[in-house]
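These are the residues of each chain, in order.
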Amino acid sequence: MSRTVVVTGGAAGIGRGAVERFVAGGDQVVALDRDADALAALSDELDVRGITVDVGDREALSAAAQEVDQVDALVCAAGVQRYGTVVDTSYSVYDEVMAVNVGGVFFACQAFVPKLPRGGSVVVVASVQAYAAQKSVAAYSMGKGALLSLVRAMAVDHAPDGVRVNAVCPGSVDTPMLRTSAAEFGGGRSTDEVVAEWGRSHPLGRVATPGEVAEVIHFLASPAAAFVTGADVKVDGGLTAGLAVVLPEDQK
Ligand SMILES: NC(=O)c1ccc[n+]([C@@H]2O[C@H](COP(=O)([O-])OP(=O)(O)OC[C@H]3O[C@@H](n4cnc5c(N)ncnc54)[C@H](O)[C@@H]3O)[C@@H](O)[C@H]2O)c1
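What counts and what doesn't
- Residues numbered from 1 in each chain as written.
- Predicted model: local features only at pLDDT ≥ 70, side-chain atom pairs only at ≥ 80, totals over all residues.
- Heavy atoms only, no water.
- UniProt positions renumbered as here; feature names shortened; annotations may be inferred.
- Near = heavy atom within 4 Å.
- Polar contact = N/O pair within 3.5 Å; in protein donor to acceptor, adjacent residues only side chain to side chain.
- Helix = DSSP H or I, 4+ residues; strand = E, 2+ residues; numbered from the N terminus.
- Nonpolar A, V, L, I, M, F, W, Y, C, P; charged D, E, K, R; others polar.
- Domains from an automatic or database assignment.
- Contact = heavy atoms within 4.5 Å.
- Buried area = accessible area lost by both parts, 1.4 Å probe.
- Core = buried A, V, L, I, M, F, W, Y, C linked by side-chain atoms within 4.5 Å.
- Buried < 20%, exposed > 50% of the residue type's maximum accessible area, 1.4 Å probe, protein only.
- Pairing = 2+ DSSP bridges.
- Axes fitted to C-alpha atoms, helices over the stretch in contact; angles between N-to-C directions.

- As annotated in an unreviewed UniProt entry, the protein chain carries the name NAD(P)-dependent dehydrogenase (Short-subunit alcohol dehydrogenase family) and comes from Kribbella steppae.
- Its UniProt record gives the protein chain a comment under Sequence similarities (unreviewed entry), which states: "Belongs to the short-chain dehydrogenases/reductases (SDR) family."

1. Some details on the site of the ligand
Then, in step 1: Residues in close proximity to the ligand total 29 residues, the closest being Ile14, Asp33, Tyr140, Val173 and Thr175.
Then, in step 2: A distance of 2.8 Å separates an oxygen atom of the ligand from a polar atom in the backbone of Ile14.
Then, in step 3: At 3.5 Å, a backbone N or O of Pro176 approaches an oxygen atom of the ligand.
Then, in step 4: Mapped by element, the contributors of at least two residues to the shell around the ligand are helix H1 (13-24), helix H5 (138-158) and helix H6 (176-185).
Then, in step 5: Sort the elements by how many residues they give to the shell around the ligand and H6 lands first, with 3 residues.
Then, in step 6: Of the residues assigned to the shell around the ligand, the class counts are 17 nonpolar, 7 polar and 5 charged.
Then, in step 7: Formed jointly, the shell around the ligand draws a minimum of three residues from each of two domains, domain 1 (4-171 + 209-234) and domain 2 (172-207).

2. Examining the domain arrangement of the protein chain
Then, in step 1: Here the domain parsing of the protein chain yields domain 1 (4-171 + 209-234) and domain 2 (172-207).
Then, in step 2: Placing the centre of domain 1 and that of domain 2 at their C-alpha centroids yields a distance of 23 Å.
Then, in step 3: Taken together, the contact pairs 13 residues of domain 1 with 12 residues of domain 2.
Then, in step 4: Taking both sides of the interface into account, the surface hidden between domain 1 and domain 2 amounts to around 820 Å²; carbon and sulfur atoms contribute 66%.

3. What about the nonpolar core?
Taken as a class, soluble globular proteins show a tendency for nonpolar side chains to be buried jointly.
Then, in step 1: Grouped together as the largest cluster of nonpolar side chains are 36 residues, with contacts concentrated most on Val6, Leu32, Leu74, Cys109, Phe112 and Val122.
Then, in step 2: The next biggest cluster of nonpolar side chains, apart from the first, holds 25 residues, and it includes Leu42, Val213, Ala214 and Leu220.

4. Some points on the sheet that holds strand E6 (residues 164-170)
Then, in step 1: Taking strand neighbours across the sheet as the criterion, the 7 strands line up as E3-E2-E1-E4-E5-E6-E7 in an open arrangement whose pairing is parallel. The open sheet has two edge strands with one neighbour each: strand E3 (49-52) and strand E7 (232-235). Sheet twist, expressed as the mean angle between neighbouring strand axes with direction ignored, is 20°.
Then, in step 2: Looking at chain direction, strand E1 (residues 4-8) and strand E4 (residues 73-76) are connected through 4 bridges and run parallel. Bridge pairing in E4 links Thr8 to Cys76.

Rendered as structure tokens:
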């Protein structure tokens, strides 16, 4: 059965992977993104409707929802990665991370959840940084933790309406966001080299593809996950299963 799926951040990375997966499954997709050029390229390539919107703008999200008649699932993938400790994060970086990564999910849900039918669902892209943090991602990590609390609260509130709400928590995923970070922190090494090194810190030995995360998003949004709500599903190649403890023989 064909559904209509709204994907925020659908023009690139994990959101784009989700768009491709839903299209492949025969669903109609509406992609919301602030990058108008990337949206236009997406619409040219796939039969996808694009709406240019900054998810940090709640009025714009509400207006975008007015333009969409039917919504069966909402995927919230738009997000930004910003760095800083609690001490050196500027007000503007803090405000941006909260507006986009937290407000962008909260207000997308506020705009689109009322349109969801019984059997509808929401999938929020959080992160392993909701459970454990690398250095210098205080605001980002806090925002991702907040998303898991929001997912649980919404799962409880909307279960009586037959609407399910879940999160995916990826480890490192090969997207423009990850490659931007690799270029910034690579110390002159090639981006491929840095991404491969980050991959080795995951027990499966590599970073994920957007399609691998999209597969789990697609499952959670589908009737196959009919009894799954309030869940946060790690898609992290075992990253959070391990401890950074090595036996002496492993160090040889
Ligand atoms: N890449 C990773 O390793 C990784 C890991 C864990 C979680 N995540 C999360 O997954 C989500 C997607 O990340 P990605 O790596 O695909 O990022 P990306 O930067 O590669 O793509 C993000 C997309 O979202 C859009 N976007 C960003 N801010 C927006 C805004 N304010 N309004 C509308 N659109 C906006 C961008 O234009 C882009 O098309 C983010 O929430 C990110 O925090 C990513």
